[in-house]
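Per-entry structural report
Here are the chains, one letter per residue:
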Amino acid sequence: MKSRVIDLRSDTVSQPTDEMRQAMFHAEVGDDVYGDDPTVQKLEILAASMIGKEAALFVPSGTFGNQLALFTHCDRGTEVILGEDCHIFEHEVGAASIIAGVHLRTLQTVSGKMDLQKIKQSIRPEDLHFPETSLICLENAYSNGGVVDIDYMQEVYCIAKEKNIPIHLDGARVFNAATYLRTDVKEITQYSDSVMFCLSKGLCAPVGSILAGSTEFIEKAKKKRKLLGGGWRQSGFLAAAGIIALVKMTTRLHEDHENALYLANELKEIPGIKVDSTNNHINLVFFQIEKTNRTPEEIEQIFKENDITIFAPDENGNMRFATHYWVTKEDIDKVIMLMQSILIDE
Ligand SMILES: *Cc1c(COP(=O)(O)O)cnc(C)c1O
C-alpha cells in the first residue's frame, strides 16, 4: 500500500470517510432530473433545515452554486455589490459577466468587511444612466481564513432590506464560521436570502455544494441549473456522502480549528517564519518564510519527498496550510520538524 500522504494544500483534498464510501455504495438512487432520487431529496431537505432556509438544491461545486445564485437573483445588466477580494469576484473566472451577465461593483474590504456607508452610497438610485442594483454578496468565513461577525451581517442585511435588495451569502465554509463563533449556523444565514456552502471542503464529501433559499428562489434556480448542464441523474450516490457530511462532519470542525491553531503556534516558534495571526479563525494558516536559500520548487520537493503535499511558497515566501479531517496533530508535528530542518539546515 502507498504510504499515507499528508496533504496541506486545501481542505478540498479531503477524501470521503469510510462511512461515506459505504453509504455511497449502498445509496438508493433514482433520476434526479425527474425528481425521483430519494437520497438527493433527503440531502436537500436536511440541508435546508440545517441552514435555516425553505429549500435547497444540490449543485456540482461552490463556484456553480454562487454563479447560479447570481443568475437566479439578477437580471442581465444589473449591478451586484461585493467585496473586492471575495471569491465570487476574484476566483470564479469572471463567470458573473458570462453567465448572469451582471456588472460587478467591488468595494474595498477591511478584515472581510465592506464599509456600511459605502454600501449605502453604492446602491443605485433610479436614474436613466444607472444600472439597477440587484444583489449584495457577503462571504463568511472569508477565504483568507477570517470570520466576519454577525452584527456586521445584520447591518448589511438591514441596509439591503430597506432598498428591497436580496443578499447572497457565499458560505463555502459557513459551518467553520459557525464553529468559530460557537453559534448555530442559522444565526449567520438568517441575514441572507440565499446561501451557498460546500460539502466538499472541511465536510469531506467527495463532490458537491448546496444552494439554499426560499422555495420560489430554489424552483427558479433548479431550472437554471438544468440550463447550465447541472441537471444530475443518479446523483444520490454523491448525496449519500453529503448527508454524512452534514450529520457527522459539521460537529467536528473544531478539531480542525484546534489543529490549525496548534500549527500556527508551532510555526511561530521557528525563526524565519512569520505567521499571520489576524485571520487564524478557522482551518487555514497563512504565513511567510522570510528568508531562505532554497527556491519555492525546492521547498515543495523536500516536502514531497517526505510524503507531505504543499503548494510552493509564492515569490514573497507566502504560504497557506489547511487542516482537515485527514490531518492529525501527529501529522502537524511531522510538518513542523521538517520545516525546522529546512530553515535551520541551510
Ligand atoms: C472554495 C470556495 C468557493 C468555490 O468552491 P468550489 O467548490 O471550489 O467551486 C467559493 N467561495 C469560497 C469562499 C470558497 O472558499
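Residues numbered from 1 in each chain as written. Predicted model: local features only at pLDDT ≥ 70, side-chain atom pairs only at ≥ 80, totals over all residues. Heavy atoms only, no water.

1. Focus: the site of the ligand
Close to the ligand lie 14 residues; Gly62, Thr63, His87, Asp170 and Lys201 are nearest. Separating an oxygen atom of the ligand from a side-chain N or O atom of Thr63 is a distance of 2.6 Å. At 2.7 Å from an oxygen atom of the ligand is found a side-chain nitrogen or oxygen belonging to Lys201. Coverage of the ligand by the protein chains reaches 84% of its 380 Å² of free accessible surface. Mapped onto the shell around the ligand, the elements with two or more residues apiece are α3 (62-73) and β9 (194-198). Counting residues per element, the shell around the ligand draws most heavily on α3, at three residues. (Near = heavy atom within 4 Å. Polar contact = N/O pair within 3.5 Å; in protein donor to acceptor, adjacent residues only side chain to side chain. Areas by Shrake-Rupley, 256 points an atom, 1.4 Å probe, with all protein chains shown as cover. Helix = DSSP H or I, 4+ residues; strand = E, 2+ residues; numbered from the N terminus.)

2. Let's talk about the sheet that holds strand β14 (residues 318-322)
As summarised here, the arrangement of the three strands in space is β11-β12-β14, forming an open sheet in which the pairing is antiparallel. This sheet does not close on itself; its edge strands, each paired only once, are β11 (273-275) and β14. Strand-to-strand twist of the sheet, defined as the mean angle between neighbouring strand axes without regard to direction, takes the value 30°. Pairing of strand β12 (residues 284-289) with β14, which is carried by five bridges, proceeds in the antiparallel orientation. (Pairing = 2+ DSSP bridges. Axes fitted to C-alpha atoms, helices over the stretch in contact; angles between N-to-C directions.)

3. Side note on the UniProt feature "domain: Aromatic amino acid beta-eliminating lyase/threonine aldolase" (unreviewed entry) in the protein
The positions UniProt marks with the feature "domain: Aromatic amino acid beta-eliminating lyase/threonine aldolase" (unreviewed entry) are residues 7-287. Secondary structure over residues 7-287 splits into 42% helix and 17% strand, and the C-alpha atoms at its two ends are 17 Å apart. (UniProt positions renumbered as here; feature names shortened; annotations may be inferred.)

4. Considerations on the pairing of strand β10 (residues 209-213)
Taking burial as the measure, the five residues of β10 include five buried ones, the bulk of the element. Residues of β10 alternate between two faces, with Ser209, Leu211 and Gly213 on one and Ile210 and Ala212 on the opposite face, all of them buried. Of the strand pairs in this sheet, strand β2 (residues 55-59) and β10 are connected by five bridges, and their pairing is antiparallel. From the neighbouring strand, Ala56 faces β10, where its bridge partner is Ala212. Across four bridges, β9 lies against β10 in antiparallel orientation. When the bridges of β10 are listed, Met196 appears paired with Leu211. (Buried < 20%, exposed > 50% of the residue type's maximum accessible area, 1.4 Å probe, protein only.)

5. Digging into the sheet that holds strand β8 (residues 167-170)
Read across the open sheet, the seven strands follow the order β2-β10-β9-β8-β7-β3-β4; overall the sheet is mixed. Two strands close off the open sheet at either side, each with one partner strand: β2 and β4 (103-107). In this sheet, neighbouring strand axes are inclined to one another by 20° on average, regardless of whether the strands run parallel or antiparallel. Examined bridge by bridge, strand β3 (residues 79-83) and β4 share five bridges and lie parallel to one another. What sits directly across from Val80, in β4, is Leu104. Docked against the sheet, helix α10 (residues 215-227) engages β2, β9 and β10, running at close to 20° with respect to β2. (Contact = heavy atoms within 4.5 Å.)

6. Looking at a negative patch on the surface
On the surface, a cluster of negative charge is contributed by Asp75, Glu126, Asp127 and Glu132. Tracing the sequence through the fold places Glu132 in the loop between α6 (116-122) and β7 (133-139). (Patch = residues over 30% accessible without salt bridge, like charges linked within 9 Å, V, L, I, M, F, W, Y side chains within 5 Å. Salt bridge = Lys/Arg side-chain N within 4 Å of Asp/Glu carboxyl O. Lys, Arg positive; Asp, Glu negative; His and termini not counted. Charge placed at Lys NZ, Arg CZ, Asp CG, Glu CD.)

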